[in-house]
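# Overview (structure and organization)
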Amino acid sequence: MMIALKEWSIVCKALEEGKQMLLLRKGGIMEYRKGFEVKHNEFLLYPTFEHQSVESIKDNYKEKLNEIIEEQNKYYNNNNNNNNNNNNNNNNNNNNNNNNNNNRKKIDKDNKNFNTASNNIIKLLAKVEDVIEVSDKLILSELRDYHIWSDEYVTMRMNYNPSKPMNVLLLRIYKLRKPLIVDINDKWAGCKSWINIETDREFQSSDKLKTQKINYNTYESINTNKVETLNEKTLIDPVINDDIFYESVNNIRKVIGNEI
């Protein structure tokens, strides 16, 4: 079991590309009384289209939202084509159909077995560097260069549940070399932040392998070119290097007034 934080698909894309390294969270309707709580120091990022809108992001990132939708449709179309081919070619071969079902959750290098109607793909893991509570709208506005949300959206979120501060999560983002495809669970829908993902995956940072003087390319070929098994480790890579990450962290802390 692994915990995951639900976040807009477009924001996950920005995190993946190193365009931002923070999240702003107030909590949803189901968290209104307590506000958003950071319950975990490490978690997967579960991309979602819930409440996501083109009006809520900056102009220079709106085109990315269209790209994500097209990418989702591509996955869906590829999956449908594969299913149609399997149905046409395997009418007399039930074993092949069984293999397709068994492989549904396995990672295809080209993600061709991904179905947006019933599957979601998780590409990112986050480690919490810091959590800073902010109640000053002016400070939040000065963070605009560090995320892709529009000023109007940030203001709207700040005004929601005004007795609670905005949580600024500073995150170190890692990209999974083998994305995790999961079946969508109806229980995950709605205004909740944290969900449980059923997986036996363990994750190994490529940076740690480097410091241990292990050839991580060899490590990957040994550990990932096989059927996923219990305790198999998936390599993860930081999306930005240490120097850029910690420089950005310090710059954000200066803006907030929480410099270390």
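Residues numbered from 1 in each chain as written. Predicted model: local features only at pLDDT ≥ 70, side-chain atom pairs only at ≥ 80, totals over all residues. Heavy atoms only, no water.

### A word on the overall build of the protein
When its secondary structure is counted, the protein shows eight helices and eight strands. The 260 residues of the protein split such that 44% are buried. A sequence separation of at least 24 residues applies to 84% of the contacts in the protein between residues at least 6 apart. As displayed, the protein offers around 14,200 Å² of accessible surface, 42% of which is attributable to carbon and sulfur atoms. (Helix = DSSP H or I, 4+ residues; strand = E, 2+ residues; numbered from the N terminus. Buried < 20%, exposed > 50% of the residue type's maximum accessible area, 1.4 Å probe, protein only. Contact = heavy atoms within 4.5 Å. Areas by Shrake-Rupley, 256 points an atom, 1.4 Å probe, with all protein chains shown as cover.)

### Brief notes about the environment of Val-168
Locating Val-168 in the fold gives a position in strand β5 (residues 166-183). Residues Val-168 and Leu-24, 144 residues apart in the sequence, show an inter-C-alpha distance of 4.9 Å. Among all residues touching Val-168, those that are not within four sequence positions of it are Leu-22, Leu-23, Leu-24, Asp-130, Val-131, Ile-132, Val-134, Leu-140, Leu-143 and Ile-256.

### Observations concerning the packing of aromatic side chains
Aromatic ring pairs: the centre-centre distance and the angle between the two ring planes describe each pair. Considering all chains together, one arrives at five aromatic pairs under this definition. Centre to centre, the rings of Tyr-46 and Trp-188 are 5.3 Å apart; their planes meet at 75°, and the pair counts as edge-to-face. Highlighted residues: Tyr-46 in strand β3 (residues 42-48) and Trp-188 in the loop between β5 and β6 (194-197), separated in sequence by 142 residues. Accessibility classification places Tyr-46 together with Trp-188 in one group, the buried group. (Phe/Tyr/Trp six-rings, centres within 6.5 Å; stacked < 30°, edge-to-face > 60°.)

### Some points on the environment of Ser-118
With respect to the secondary-structure elements, Ser-118 resides in the loop between α3 (94-102) and β4 (119-134). As a C-alpha pair, Ser-118 and Val-182 span 64 residues in sequence and 8.5 Å in three-dimensional space.

### Overview of the side chain of Arg-201
One can find Arg-201 in the loop between β6 and β7 (202-205). Of note is the side chain of Arg-201, whose polar atom sits 3.3 Å from the backbone oxygen of Pro-179. (Polar contact = N/O pair within 3.5 Å; in protein donor to acceptor, adjacent residues only side chain to side chain.)

### Overview of the nonpolar core
With 44 residues, the main nonpolar core has Ile-10, Leu-23, Phe-43, Leu-45, Leu-140, Trp-149 and Val-168 as its most contacted residues. Residue contributions to this core peak at six residues, all from β5. In this structure Trp-149 touches Glu-7, Trp-8, Val-11, Gln-20, Leu-22, Leu-23, Leu-24, Ser-56, Ile-57, Lys-58 and Val-154, once residues within four positions along its chain are discounted. If you look at the next biggest cluster of nonpolar residues, it comprises 15 residues, including Leu-180, Val-182, Trp-188 and Phe-203. (Core = buried A, V, L, I, M, F, W, Y, C linked by side-chain atoms within 4.5 Å.)

### A closer look at unusual backbone geometry
Phi is positive for Asn-161, which is not a glycine, with a value near 50°. In this structure, Asn-161 sits in the loop between α5 (151-159) and β5.

### Focus on helix α8 (residues 242-256)
The end-to-end C-alpha distance of α8, which contains 15 residues, comes to 21 Å, matching closely the 21 Å that a straight helix rising 1.5 Å per residue would cover. Restricting attention to buried positions, one finds in α8 the residues Phe-245, Ser-248, Val-249, Ile-252, Arg-253 and Ile-256. Seen along its axis, α8 keeps its buried residues to an arc of 135°; they face one direction. In α8, those exposed residues whose orientation departs by more than 90 degrees from the buried face are Asp-243 and Glu-247. Summarising the contacts, the buried residues of α8 are in contact with β2 (22-25), β4, α4 (137-141) and β5. For α8, the N-terminal capping position is held by Asn-241, with its side-chain oxygen 3.2 Å away from the main-chain nitrogen of Asp-243. Gly-257 lies just past α8 and shows a positive phi near 90°. (Expected span 1.5 Å × (residues − 1). Arc of directions from axis to C-beta.)

### Considering empty space enclosed by the protein
Under the counting rule described, the total for this entry stands at two cavities of 30 Å³ or more. Of the pockets and cavities examined, the second largest cavity occupies roughly 50 Å³. Taken together, Leu-15, Gly-18, Gln-20, Met-21, Leu-171, Arg-172, Ile-173, Val-239, Ile-240 and Phe-245 make up the full set of residues lining the second largest cavity. The element best represented in the lining of the second largest cavity is β5, accounting for three residues. (1 Å grid on protein atoms, 1.4 Å probe; cavity = no way out; pocket = protein on both sides within 12 Å on 5 of 7 lines; lining within 4 Å. Points joined across faces, edges and corners; volume = space filled by probe spheres on them.)

### Some thoughts on the confidence of the model for the protein
When pLDDT is averaged along the protein, the result is 76, and 67% of the positions lie at 70 or above. Mean pLDDT values over the elements of the protein span from 40, in α3, up to 95, in α8. Counting contacts from residues 89-115, a segment whose pLDDT is below 50, to residues more than four positions away or on other chains yields 41 contacts. In the model, residues 218-231 has pLDDT below 50 throughout and makes 23 contacts with residues more than four positions away in sequence or in other chains. (pLDDT = per-residue confidence, 0-100.)

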